[in-house]
Amino acid sequence: MKTPLRLPIARRIRDAFRIEPLEPRVLLSADPVFAPIAAVLLPQRDDIQSLTEAYAAAQLLGAPVSVSMPVVTRLLSGPGAAPASTTFAVDAVAFDMHQLQLSQGYMASNLMVAANEVLAGSGSLNVSVLNNGVMSPGYSPGIQNVGTFTQTDAGTLNIEIGGTVAGTGYDQVNVSGLASLDGNLRVSLINGFAPQEGQVFTIMTFGSVAGRFDTAKGLLQSDKGIYFEVEQGASLLTLTAHKLDPSLSFILGALDGEPADQIGDWLNFSYFQSVPPVTFSGGVNLNNNLSVSGTFTLGYDSHESFVNPADGVAIDTDVWSLSVQDASGFMGLGGASPKGLGLTGLDLDLAFVRPTAAGSTFGWVMGTGSMDSAAISGIDGLVMAGNNLALDFSLGYGAVAGGADNNALLNLGSHTITVGSHVFDGDGSAGEYLLASGDLSGSVSGISLSGTVGVAVVGSDFAMAASNVVAKLDAGGMSVGVAGGAFGLVLDSHGMVFEASGALNLSGGGFGDVHADSARVVLNRTGLEQTGRTLSFAGEFSYSFGNIAAATDLVGVAVSGFSASLGSVLTAHGSFYFEKAGTAMQVVAENAGVSVQAGSFAVGVGEGSLGLSVSSAGRVLEARGTLLANLGPDVALSAEQVSLRLNETAADASNTVMHAAGKAYAFGAGLTAGAHELSLQGASLAVAGFVNAGGSLAVRWGSTTTLTLADTSTRTVNQLLVGGTGLSAAIGLHADSALVPGANFIGFKANGLEFALGLFSDTTLPANTWTSLNGSLGQASLSGIEGLTLAAGGLALAYNSASVGQPVANFAGAHAISMAVGGKTLTLDADGAKGGLLRASGNLELDVFGFFQASGSFAVEKSTEVVTLGGGASVS
């Protein structure tokens, strides 16, 4: 008897559901998107009937009365069908609550929304709802009322907010009994709605509540500048909108591709209580000064207390931790044309510390890590790279009370922060810094460069400082720069300035026996004076620039207190400046001197200026200044103007201008190929107090030579040759003062003197020296003896001497030495067999007081003797 009664009930249930295919057209007609889809994609009538039969059979057999019933359709897309997607799975099934409400007389007391099923629409069901799928009130928006509500860890409650009134503005679920919460809460904004600070949305009411949602999606709406705070009371669950404060906005702005849902959970840490770290692929960008991309692990700690260094007051903070391995990045000046350091193979741990107080505008970020390699990019003229470098930074951001920049750092000495494998424990005394450090090598505008380098962003400047530096210019077969020193480099809006200072490092170019007080490698492209500018960052890297004049193209090496030999004969000293010009090295010197050294003899330029070019073709050198001379006790030399010229190339270098480190020197005329002399203008040469020549002189030098002495022995000697033509001359006693008015000169005065003077110094024992002179002049007259007239023609001069204990040199015959001066060849040919010699000889005409006349060949010699006067006195 019971069975027939139940059969009609089953038939009535089946009949009731047979009209369902027509109903969705009406139910979804308010939805312009999904109503047409629902109408087209209705399930087959046989599907509904078979499910109805299953429900009826369950009742007939006394089985559990919870059943999942598809009553709307299978949809391809729509809001909230699957917890992890905004798109329905192909086999997702949606239920309409209003239709279930119309048919609940046929339903048991429990309704289960199974996995991959959606309970949508608005209505009231006095049943217990078990949600393993998606609960999604309304069709943007709506209200669902149920007796009790249980959401498992697999379930999702989908809440859409498009206004401020429940049902018409946002979704709401009302539970008259117990609400047991778990699983996921999903929040989305619709219809362009942007909640305002403090607006409250009551998304659930309940008679009582147990548990809480495990996770949420959509609590952070960064594009709208807000997040929702979840608050669960005894009868209500609300979402309160809050504006993102500047401190939080900085963190979110620094992250790219961040997991917004987990961040939303962390912002509701007091509700969710435990949110594990999450891994995501994305990037970090700190003010365009540091950018890193890779796969990050993001973590969170709430309510960490630190002392605010701005006012010494303890503040409550959240700490966001971020770790990445094997990432790539960039540190420097970002923007459309980034300039800085490219990073590869970067392992990095960093932390954001954010005050939790509402409206906080400041915070701190710090990080440390290592990288496999780094290379400078985007900076014209600067190329540097290195391996196994470190990256460290500690920065404040935002503004503290009063509007001052937050640039005081946290003291973590007693309260450390651990991220990954690193413990941040700095006391903040080093100040703000963003630093990459390690060994880098490369070049800056042709200056090769290597050292232990710190690379930093200081404000809007890209800065570098280094120790253990080698910086040098290479050109013309020579290298010049600094070693074991330090350098500083700044790139700012004006351009780049660079200086390296330390011990001079010079090789090649014929330089030897090098000494210097200091050396600097300098570059300035800013157009501004940089003297005294100081770089200091990270508490360990600093540099102060020396004297750097305003310039836009300054580059070179400056050396003070410089002295060196130039080959085997020349020595140079002064303030020297070097610059690379193509394949040549150009040198300019100030307060300079260049001397020709021949053992104990020296002659050259002092207190002057110098230009030098060194190339594969040879050296070209010119120096102008005062005279430097040390020619032994028998020779005195002076001059009004002195020029030293050397041209080892095959090209005429006359009038060429040298540039080096902001200095310039113009070669004069006469610097022809093969030039090799010291030129003296307005010169005066006195030899042994017996010969004095005045005019223009030339000094020549050469390699060592072999000198044959009067005893036939030989010596290896350095040599200097001095010569001149067309000179004025004084020959006689006190000849060195003959040109001084009123001097007690006694001897011949003449014009047209030409002579060669040789100065030789033993290479082994420089104190052993030899001096020899040969010369001739046309007409001469005696001066200094009243009443005595002596005229000479074709006068020949000869002088040959040696230092004490040495035989004189023999220049006779094959031993003669010649030099070309003024188109003439002058020869040293004194016969060593005649011993020491100081003589003038020629054709003379003598008139003594008109009383005695004589003519013929005469010789005048100078000697020193002791004579006894008539009174018995002896004089020398």
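Residues numbered from 1 in each chain as written. Predicted model: local features only at pLDDT ≥ 70, side-chain atom pairs only at ≥ 80, totals over all residues. Heavy atoms only, no water.

**Student:** I'd like a description of the overall build of the protein, backed by residues and values.
**Tutor:** From N to C terminus, the protein includes eight helices and 55 strands. Residues counted as buried form 50% of the 876 residues belonging to the protein. At a minimum sequence separation of 6, the contacts of the protein that also span at least 24 residues come to 60%. As displayed, the protein offers around 36100 Å² of accessible surface, 51% of which is attributable to carbon and sulfur atoms. (Helix = DSSP H or I, 4+ residues; strand = E, 2+ residues; numbered from the N terminus. Buried < 20%, exposed > 50% of the residue type's maximum accessible area, 1.4 Å probe, protein only. Contact = heavy atoms within 4.5 Å. Areas by Shrake-Rupley, 256 points an atom, 1.4 Å probe, with all protein chains shown as cover.)

**Student:** Mind laying out the pattern of salt bridges, listing which residues take part and the relevant values?
**Tutor:** Counted under the stated rule, the structure contains 13 salt bridges. The closest approach of N and O atoms between R533 and D492, which form a salt bridge, is 3.3 Å. With R533 in the loop between strand 31 (518-524) and strand 32 (534-537) and D492 in strand 28 (residues 478-492), this residue pair connects regions lying 41 residues apart in the sequence. Among the charged side chains, a salt-bridge network with shared partners connects D245, D318 and R354. (Salt bridge = Lys/Arg side-chain N within 4 Å of Asp/Glu carboxyl O.)

**Student:** Hey, could you go over the pairing of strand 8 (residues 156-161) for me, with residue numbers and the actual values?
**Tutor:** Of all six residues in strand 8, six are buried; the element is thus mostly enclosed. Here strand 8 shows two buried faces, one formed by T156, N158 and E160 and the other by L157, I159 and I161. Sheet analysis places strand 6 (residues 134-137) next to strand 8, joined by two bridges and oriented parallel. Within strand 8, the residue paired with V134 across the bridge is T156. In this structure, strand 8 lies alongside strand 10 (residues 184-189), joined through six bridges in parallel fashion. If you follow I161 over to strand 10, its bridge partner there is L189. (Pairing = 2+ DSSP bridges.)

**Student:** Lay out helix 6 (residues 246-254) with the relevant residues and their values.
**Tutor:** Along helix 6, the residues that are buried comprise S247, L248, F250, I251, L252 and A254. The backbone nitrogen of S247 has a side-chain oxygen 3.1 Å away, supplied by the residue at the start of helix 6, namely D245. (Polar contact = N/O pair within 3.5 Å; in protein donor to acceptor, adjacent residues only side chain to side chain.)

**Student:** Describe the packing of aromatic side chains, and please don't skip the residues or the numbers.
**Tutor:** The tally for this structure, following the rule as stated, stands at 21 aromatic pairs. Taken together, the aromatic side chains of Y170, F193, F201 and F228 make up a single cluster linked through ring pairs. Geometry around Y271 places R212 over its ring, the cationic atom sitting 4.9 Å from the centre. Over the face of the ring belonging to Y577 we find K663, whose NZ or CZ atom lies 5.3 Å from the ring centre. (Phe/Tyr/Trp six-rings, centres within 6.5 Å; stacked < 30°, edge-to-face > 60°. Lys NZ or Arg CZ within 6 Å of the ring centre and 35° of its normal.)

**Student:** Explain the environment of F562 to me, and be specific about the residues and the numbers.
**Tutor:** One can find F562 in strand 34 (residues 554-566). Assessed through its relative accessible area of 1%, F562 is described here as buried. Those residues in contact with F562, other than ones at most four positions away along the chain, are L504, L506, F511, V514, H515, A516, A572, H573, G574 and F576.

Everything listed here is a matter of geometry and, on its own, says nothing about what the molecule does.
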